[in-house]
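Each chain, written out:
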Amino acid sequence: MACRPRRAYTYCMNKRTKTAKQMERHLKGLGNHYRIDILLHVSGKPGLTIDQLAEGVDGNYKTISQHVRYLVHAGLLEVSHESTFAHIKLSPYGGACVEFLKKFQSL
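Residues numbered from 1 in each chain as written. Predicted model: local features only at pLDDT ≥ 70, side-chain atom pairs only at ≥ 80, totals over all residues. Heavy atoms only, no water.

Right, let's talk about the overall build of the protein chain for a bit. For the protein chain, the helix and strand inventory stands at five helices and five strands. Counted from the first residue to the last, the protein chain has its helices and strands arranged as β-β-β-α-α-α-α-β-β-α. For the protein chain, with 107 residues in total, the buried portion stands at 32%. Contacts in the protein chain between residues at least 24 apart in sequence constitute 47% of all its contacts with a sequence separation of at least 6. (Helix = DSSP H or I, 4+ residues; strand = E, 2+ residues; numbered from the N terminus. Buried < 20%, exposed > 50% of the residue type's maximum accessible area, 1.4 Å probe, protein only. Contact = heavy atoms within 4.5 Å.)

Moving on, we come to the packing of aromatic side chains. Under the defined criterion, the tally for this structure stands at one aromatic pair. Taking the centre distance of 5.7 Å and the plane angle of 25° together, the rings of phenylalanine 100 and phenylalanine 104 count as stacked. Taken together, the positions of phenylalanine 100 and phenylalanine 104, both in helix H5 (residues 92-105) and four residues apart, correspond to about one turn of that helix. (Phe/Tyr/Trp six-rings, centres within 6.5 Å; stacked < 30°, edge-to-face > 60°.)

One way to put it is that helix H2 (residues 33-44) packs onto helix H4 (residues 61-73) with a least axis distance of 10 Å and a crossing angle of 80°. Judged by the inter-axis angle, H2 sits roughly perpendicular to H4. In contact with Tyr34, Arg35, Ile38 and Leu39 of H2, H4 contributes Thr63, Ile64, His67, Val68, Tyr70 and Leu71. (Axes fitted to C-alpha atoms, helices over the stretch in contact; angles between N-to-C directions. Parallel < 35°, antiparallel > 145°, perpendicular 65-115°, else oblique.)

This next bit is on H2. For H2, with twelve residues, the first-to-last C-alpha span of 17 Å sits near the 16 Å given by 1.5 Å per residue. For H2, the full list of buried residues reads Arg35, Ile38, Leu39, His41 and Val42. By the N-cap criterion, in which a side-chain oxygen at the helix start approaches the backbone nitrogen of a residue two or three places on, H2 is capped by asparagine 32, the distance to tyrosine 34 being 2.7 Å. (Expected span 1.5 Å × (residues − 1). Polar contact = N/O pair within 3.5 Å; in protein donor to acceptor, adjacent residues only side chain to side chain.)

Among the nonpolar cores identified, the biggest contains 19 residues, and Ile38, Leu39, Leu53, Val68 and Leu77 are the most heavily contacted of them. Residue contacts for isoleucine 38: discarding those within four places in its chain leaves Leu53, Val57, Ile64, His67, Val68, Leu71 and Leu77. (Core = buried A, V, L, I, M, F, W, Y, C linked by side-chain atoms within 4.5 Å.)

And the structure:
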């Protein structure tokens, strides 16, 4: 059975795999040391706000909020809004990236 492209995914034998372009988007999200620190920090404490996160990774609010925006766009973080606060947690893809980063860190 041949693979055929459909809606940015490739379907092969009823298995959904990511295209190279989708993987590029996720991997580009890891392209900065602040973003790696943010992912590792959020993995241990889901539900943090931007202020708490900026304090935890030693960055200023504006820088951290911009990097969080990139990570959300890359599909690695999810943000839920409650009144004036934004709570941050890992997406399923973010969790997989954190597992990879922790393994890579210990090599």
